[in-house]
Amino acid sequence: MSLATDLPHSEGQAAGRAVKTHSSGTEKPAPRRRSRQRRERIFQWLFLVPAVVYMTLFFGYPVVKNVVMSFQEYTTSTFFTGEAPWVGFTNYVTVLSSSLFSTSLLNTVLFTIGSIIGQFVIGLALAIFFQRKFPLNGILRSLLLLPWLLPLIVSSAVWRWILDKDSGALNRFLGDLGIIDTGVPWLTSTSLALIAVVGVNIWIGIPFNLTILYGGLQEIPDELYEAGSLDGATGWKAFRHITWPMLRPVVSVVLVLGVVYTLKVLDIILGLTNGGPANSTQTIATQSYNLSFHEFKFGEGAALGNVLVIISLVFAVLYLRASRRAVDE
């Protein structure tokens, strides 16, 4: 016997309508609901379109234009005639086979490694230090952000004065302490200029490392340290077995962003040494700038800039893959 025969006629009709309404609602949304979903989808696209247009115009187009320019003989006459003959890989062969490229590549590697090690080690040490609660903790952390907030050209101008051989503040300070008798040519010596530039870049990059690493340390639960202390994991053991494994994802982000940023550093070097003396601080970024805006060989400058982009991408992919493999193991 069916359910409909057990109910009165009116109640059976009402139950049938309810079942029909429920089944129709699950199989096909109501027109009003479909219209609302369509409006929501349109609004979503309206919010996305400005961002897509902005990214295309201000990021996509310059990248594509730079790639195309690297395969052309693009000179100052091109701005008037509009003619840029296609030369294939000639620009890449020219810049990669030049005697200056090997010097620039070596300086870029030394500058990047020295800067990243100094920024990361000092930034991590400060981040661990500021985990402790003490008076003026927040104020001191805020003051340490100042080097990061200053325009790079301003920072380089100040440091150029500090490191000046004759009237620089650093040489005067060292002289007053009796450490030196004559001024040290920090920016004019081929053996010291790169070290000085690396030191300035470390000073500028410390706030970024401190801020990101401090935020990562704050996310580590205190319960882990309490449990570790019961097993004797304190001090260095706590850092090795608790802090470092938990901080590894943040470290990956800091190092990748730091390397990519350092590879393209231009303002500091131009403001301090302009790539000198005798190309001792010339990097791939400064060489690309000089080719484009001093020698007006825009095609060769674009080719060298693309080489720098490729180096950055290769490093990022290899490092992230190595980090993921280490985490999986």
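All of these numbers come straight from a predicted model, not from anything done at the bench. Residue numbers here run from 1 along each chain, matching the order of that chain's written sequence. Given that this is a predicted model, residues contribute local features only at a pLDDT of at least 70 and side-chain atom pairs are listed and counted only at 80 or more, while totals for whole chains, interfaces and linings are drawn from all residues. The side-chain values count all of the structure's non-hydrogen atoms but skip hydrogen atoms and water molecules.

S.K.: Tell me about the overall build of the protein chain, and please be specific about residues and values.
M.R.: The secondary structure listing takes helices from DSSP runs of H or I that are at least 4 residues long and strands from runs of E that are at least 2 residues long, numbered from the N terminus. In terms of regular secondary structure, the protein chain is built from 16 helices and zero strands. Residues classed as buried in the protein chain amount to 33% of the 329 residues present. Contacts: residue pairs with any heavy atoms within 4.5 Å of one another. Taking the intrachain contacts of the protein chain between residues at least 6 apart in sequence as the baseline, contacts between residues at least 24 apart amount to 67%. About 20,900 Å² of surface is accessible on the protein chain, with carbon and sulfur atoms providing 67% of the total. For the exposure calls, accessible area comes from a 1.4 Å probe over protein chains only, and a residue counts as buried if that area is under 20% of its type's maximum, exposed if over 50%, partly exposed in between. Reported accessibility uses the Shrake-Rupley method at a 1.4 Å probe radius. Residues are deemed covered only where the shown protein chains occlude them.

S.K.: Can you explain helix α9 (residues 152-162)? Please cite residues and give values.
M.R.: Of the residues making up α9, those classed as buried are S155, S156 and I162. Projected onto a plane normal to the axis of α9, the buried residues spread over an arc of 115° and lie on a single side. Residues of α9 that are exposed and angled more than 90 degrees away from the buried face: I153 and W161. Looking at the buried side of α9, the elements it contacts are α8 (146-149), α10 (169-176), α11 (193-218) and α14 (267-272). Of all possible arcs, the one meant is that of the directions from the helix axis to the C-beta atoms.

S.K.: Break down the packing of helix α6 (residues 99-129) against helix α13 (residues 236-263) for me, with residues and values.
M.R.: Two quantities define a packed helix pair, namely the angle between the helix axes and the distance between the axes. Fitted lines through C-alpha atoms give the axes, limited to the stretch in contact for helices. The angle between two N-to-C directions lies from 0 to 180 degrees. Close contact between α6 and α13 brings their axes to 10 Å; oriented N to C, the two are set at 140°. In terms of axis orientation, α6 runs oblique to α13. In this structure, α6 meets α13 at a crossing whose hand is right-handed. Of α13, the residues touching α6 (which contributes T108, F111, T112, S115, I116, F120, L124 and I128) are F239, W244, L247, V251, V254, L255, G258, V259, T262 and L263. When describing relative orientation, an angle under 35 degrees is termed roughly parallel and one over 145 degrees roughly antiparallel, while 65 to 115 degrees is termed roughly perpendicular and anything else oblique. Crossings are classed by handedness, with left-handed meaning an anticlockwise turn of the near helix from the far one by less than a right angle and right-handed meaning a clockwise turn.

S.K.: I'd like to hear about helix α15 (residues 284-293), residue by residue, with values.
M.R.: The element α15 is extensively covered by neighbouring structure, given that eight of its 10 residues are classed as buried. Looking at α15, one finds that the buried residues are I284, A285, T286, Q287, S288, N290, L291 and S292.

S.K.: Could you give an account of unusual backbone geometry, naming the residues involved and the relevant values?
M.R.: Geometrically, the link from G276 to P277 is a cis peptide bond, its omega value of -10° lying close to zero. Take P277: it is sitting in the loop between α14 and α15. The backbone of L136 shows a phi angle near 65°, a positive value even though the residue is not glycine. Assignment of secondary structure puts L136 in the loop between α6 and α7 (137-143). Here A278, not a glycine, exhibits a phi torsion of approximately 55°, which is positive. As for its placement among the helices and strands, A278 is situated in the loop between α14 and α15. Assessed through its relative accessible area of 69%, A278 is described here as exposed.

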